[in-house]
Amino acid sequence: MSTKTTTRPPDTRAVRRRVSLADRIALRVGMSLIIWSRRTRKERPELDLATLARLERERQQREADWITQGATMRMWR
């Protein structure tokens, strides 16, 4: 087989695109805000018992919904 008649694979190298100045500034500002917010808050805010109970009930309800949906899908097949 001649090398002149074979097809070459497409060039798979990614084209490097320059990131705009606005995007670089936005990224830097965003990262600075994240770092600043983590440095200024040493500990997590306290949650009261009512909030903890509500979050636990919501979690249990989501798990029950997932189990119900899974059982329904198995029965439907």
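You'll find the structure just up there.
What counts, and at which threshold
- Residues numbered from 1 in each chain as written.
- Predicted model: local features only at pLDDT ≥ 70, side-chain atom pairs only at ≥ 80, totals over all residues.
- Heavy atoms only, no water.
- Helix = DSSP H or I, 4+ residues; strand = E, 2+ residues; numbered from the N terminus.
- Buried < 20%, exposed > 50% of the residue type's maximum accessible area, 1.4 Å probe, protein only.
- Areas by Shrake-Rupley, 256 points an atom, 1.4 Å probe, with all protein chains shown as cover.
- Salt bridge = Lys/Arg side-chain N within 4 Å of Asp/Glu carboxyl O.

### Topic: the overall build of the protein
Right, on to step 1. A count of helical and extended segments in the protein gives two helices and zero strands.
Right, on to step 2. Burial status across the protein gives 0% buried among its 77 residues.
Right, on to step 3. Here the protein displays about 8800 Å² of accessible surface, and carbon together with sulfur accounts for 58% of that area.

### A word on the pattern of salt bridges
Right, on to step 1. One pass over the full model with this rule turns up three salt bridges.
Right, on to step 2. Here Arg-54 ties to Glu-58 by a salt bridge, and the two come within 3.0 Å at their closest N and O atoms. Taken together, the positions of Arg-54 and Glu-58, both in helix H2 (residues 49-76) and four residues apart, correspond to about one turn of that helix.
Right, on to step 3. The partly exposed category is assigned to Glu-58, whose relative accessible area is 33%.
Right, on to step 4. Close ionic contact of Glu-56 with Arg-59 constitutes a salt bridge, the shortest N to O distance being 2.2 Å. Of this pair, Glu-56 and Arg-59 both sit in helix H2, three residues apart, which is roughly one turn of the helix.
Right, on to step 5. By relative accessible area, Glu-56 is classed as partly exposed at 32%.
Right, on to step 6. Taking the relative accessible area as the measure of exposure, Arg-59 reaches 32% and is therefore partly exposed.

So yeah, pure geometry; function would need other evidence.
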